[in-house]
Each structure stands twice: as C-alpha cells, then as structure tokens.
Amino acid sequence: MKVVIFPHLQRGQAPEIAKKVCLTLYRNGMVVWADSSCMKLLKEFPFVCFAPFDDAIKDADIAVAIGGDGTILHCANHLIGTSAKLLGINTGRLGFLASMEQDQIGEIARLQTGDYRVSKRMLLHGVLRNAVGETVEDFTALNDIVISRNYSRVIDLTVSRNDEILGQYHADGVIFSTPTGSTAYAFSAGGPIIEPEFSCVEMTLICPHAMAARPILFSPHNELFVTCQVRGEHDVQICADGECPASFPASHILEISSSDQMISMLDLSGNTFFDSLSRKLMQPLKDSGM
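This section reports on the structure supplied with the text. Every value quoted in this text rests on a predicted model; they were computed, and no experiment measured them.

1. Some points on the environment of I145
Here is step 1 of the chain: Its place among the elements puts I145 in strand β9 (residues 144-149).
Here is step 2 of the chain: Taking the relative accessible area as the measure of exposure, I145 reaches 0% and is therefore buried.
Here is step 3 of the chain: I145 has contacts with L124, H125, G126, F139, V174, I175, F176, I238, C239, A240, L254 and I256, leaving out every residue within four places of it along the chain.

See below:
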C-alpha cells in the first residue's frame, strides 16, 4: 500500500506529527512517500521516498493530510481525478474535516487491514465565462465557492437556476457550498448544518440587505448562474476553498453545478459526523450551561 503524507510544515505540531505518522506507516508495512519539500524534515527516515506531490499521488492509495482544515482542503484539491483516499489528522484549532486527532495516530495501522469507513463527498464545479461564452477559469471545491467584494463593500448579484431568475440581491457576497462546507463559512453566515454525505448545493448570502433573504438548498442536478454589477475590473473576486482568488468582471457569468468528481474521506477513529458536531461546534454552548 502506497501512502503519501501532506503535512503543513509551518503548522504547530504538524512536523512532529508527520514524523510519527511516517514511522507508524512504515512499521505497519506501508510504503511511505512525501513531497520533495519534506526532505529536510524527514531526512532521518531512509525509508521515505520523495517526489513532487502531484506525481506521487497519481498511483497512491491514500493521502494523509496533517494540519488544520485549510491543509486538508488544499490536499483534497490535489486528489481530484485520482483514486487516492483522504485521511485528515488535526493539528489546528477546529479541524472539523479531520477524522483523527494527534493522540489517535496508532489507529493508522488499520489502513493496512481495511478496517475503516469511507465517506464519499460531493464537489462543486464552477466555470467563469466571458461575454462571448469562452471559459476564463475553472474552479473545483470540497467546501465552497465564495463571491465577495474587496473591503466588505456590497455587491448587486443576480442568481438564476436553469435560466430562471431566482433573485437579485444586494449583499456583501454569496457562498455556494457543499454539505461538507455547510459547517465552514456558510455556517458562520447563518446557513444550515447538512449531513456531509447528502447531495445538494447550498446558497447562503453574506450580510444581505433584505429581511427575507434566507439560505436555499438546490438539487445537485441544477445549474446555477451568477452575474454581478461592479465598478472596477478587479473589484469582485471568486475564491474556491480559500485558494488564490480570481477576478469576476461585470461582463462575465459564473456557472455553479455539482462536479462529476468526488473525494473519498477516511474515518479510522469511529468518530461520526454528529460526534464531531457536538464536540467541536457545540462545545461552547455546553460550557456556558446552555
């Protein structure tokens, strides 16, 4: 079994956890690979093979992301189009996407026996087209695709579903999220919590200037279209899973739909989605006696 590790080299305990993960994988008969940037960190382990991550993951069985939710999302982006499964180990603050914590590394031995649960997660696909219909940029997201304006200024947005106008909104922006992303930015913006293996597209406006503007859930079979009114060419941006944003000119249209790709996420610890929900998102309520 080939396993590629993906640690955040500047994230707190992640480098040390990466070393422990490598040893555990090796002692349990798995072939360990890492990106070339990890050579200095893992130089004491002669059994680790090195290559650019995108090359190493092509024929790998599993990728182990070590860090916070951002690290896991970044790793997931590299797995699209491969058959590799994703295991997240949390060394960040919330780590809602991770199925394991730092004190559960011993459970990694179960990768060899297949004693784990696989959760299939839908992805969002976004296509930005110019005024003549040419593709300018493609986006794929495990969590969300966000449209927002610089300096928290409001945008005039028009959203359509299958060529039918749903609404014209005056807001700071809009979040299109997967069920996986419903506990991320969309949750903070007042969106609902959705079981991650459900299939739908959630639309949540950011600070809308309307009393009746509420999140909407769409069937994954729908195609959504967004246009906006802006003053400057680089005034509004599109950001997928926190990656480098792209400009959204007024003459362009963004198409949002479910992707035909999926990400397989592993759970070795037995922690269910609702366990994580209670432990990580509801804990402040419990602590305050509510």
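2. Here's the deal with helix α3 (residues 69-79)
Here is step 1 of the chain: Within α3, the full set of buried residues consists of T71, I72, L73, C75, A76 and L79.
Here is step 2 of the chain: Looking at the buried residues of α3, the elements they touch are β1 (2-7), α2 (53-56), β4 (62-67), β5 (85-90) and β18 (253-267).
Here is step 3 of the chain: Phi turns positive, to about 90°, at G81, one or two residues after α3.

3. Quick notes on the sheet that holds strand β12 (residues 173-177)
Here is step 1 of the chain: Within the open sheet, the six strands sit side by side as β14-β13-β12-β9-β16-β17. Their pairing is antiparallel. Where the open sheet ends on each side, the last strands, each with one partner, are β14 (216-218) and β17 (246-247).
Here is step 2 of the chain: Note that β9 and strand β16 (residues 236-240) share five bridges and pair antiparallel. Across the sheet, V146 pairs through a bridge with C239, a residue of β16.

4. A few points about the packing of aromatic side chains
Here is step 1 of the chain: Taken as a whole and assessed by the stated rule, the structure comprises three aromatic pairs.
Here is step 2 of the chain: Geometrically, the ring pair formed by F6 and F53 is edge-to-face, given 4.8 Å between the ring centres and 70° between the ring planes. Here the residue F6 occupies a position in strand β1, and F53 occupies one in helix α2, the gap between them amounting to 47 residues. Each member of the pair, F6 as well as F53, carries the same accessibility label: buried.
Here is step 3 of the chain: An aromatic cluster is present here, built from Y26, F45 and F47 joined pairwise through their rings.

5. Considering unusual backbone geometry
Here is step 1 of the chain: Notably, N162 is not glycine yet its phi reads approximately 50°, a positive angle.
Here is step 2 of the chain: Note on placement: N162 falls in the loop between β10 (155-161) and β11 (164-171).
Here is step 3 of the chain: Classification of N162 as partly exposed rests on a relative accessible area of 39%.
Here is step 4 of the chain: Non-glycine residue D241 carries a positive phi angle of around 55°.
Here is step 5 of the chain: By the secondary structure assignment, D241 is in the loop between β16 and β17.
Here is step 6 of the chain: Given the relative accessible area of 11%, D241 is considered buried.

6. Some points on the pattern of salt bridges
Here is step 1 of the chain: Taken as a whole and judged by the stated rule, the model has eleven salt bridges.
Here is step 2 of the chain: Linking D55 and K58 is a salt bridge whose minimum nitrogen-to-oxygen distance equals 3.6 Å.
Here is step 3 of the chain: Judged by its relative accessible area of 41%, D55 falls in the partly exposed class.
Here is step 4 of the chain: Between E107 and R110 there is a salt bridge; the shortest N-O distance is 2.7 Å.
Here is step 5 of the chain: According to the relative accessible area criterion, E107 is partly exposed, its value standing at 31%.
Here is step 6 of the chain: Linked by salt bridges that have partners in common, E16, K19 and E44 make up one network.

7. Let's talk about the side chain of H252
Here is step 1 of the chain: Structurally, the position occupied by H252 is in the loop between β17 and β18.
Here is step 2 of the chain: H252 sits in the buried class, given a relative accessible area of 13%.
Here is step 3 of the chain: Apart from residues lying up to four places away in sequence, H252 is in contact with L128, R129, N130, V136, V226 and T227.

8. Comments concerning the nonpolar core
Here is step 1 of the chain: Within the largest apolar cluster, 30 residues are counted, with the highest numbers of intra-cluster contacts made by I145, I147, F176, F248 and L254.
Here is step 2 of the chain: In this structure, I5, A18, M100 and I105 belong to the second largest nonpolar core, which totals 28 residues.

9. Points about the pairing of strand β7 (residues 117-129)
Here is step 1 of the chain: Here β7 pairs with β18 via twelve bridges, running antiparallel. Residue pairing across strands places R121 opposite I263, the latter belonging to β18.
Here is step 2 of the chain: Judged from the six bridges that link them, β7 and strand β8 (residues 135-141) form a sheet pairing that is antiparallel. Among the inter-strand pairings, V127 is bridged to a residue of β8, identified as D138.
Here is step 3 of the chain: Between β7 and β8, which pair antiparallel and follow one another directly, the connecting turn spans five residues, one of which, G133, has a positive phi of 85°.

Rules used in this analysis
- Residues numbered from 1 in each chain as written.
- Predicted model: local features only at pLDDT ≥ 70, side-chain atom pairs only at ≥ 80, totals over all residues.
- Heavy atoms only, no water.
- Helix = DSSP H or I, 4+ residues; strand = E, 2+ residues; numbered from the N terminus.
- Buried < 20%, exposed > 50% of the residue type's maximum accessible area, 1.4 Å probe, protein only.
- Contact = heavy atoms within 4.5 Å.
- Pairing = 2+ DSSP bridges.
- Phe/Tyr/Trp six-rings, centres within 6.5 Å; stacked < 30°, edge-to-face > 60°.
- Salt bridge = Lys/Arg side-chain N within 4 Å of Asp/Glu carboxyl O.
- Core = buried A, V, L, I, M, F, W, Y, C linked by side-chain atoms within 4.5 Å.

Keep in mind these numbers describe shape, not what the thing actually does.
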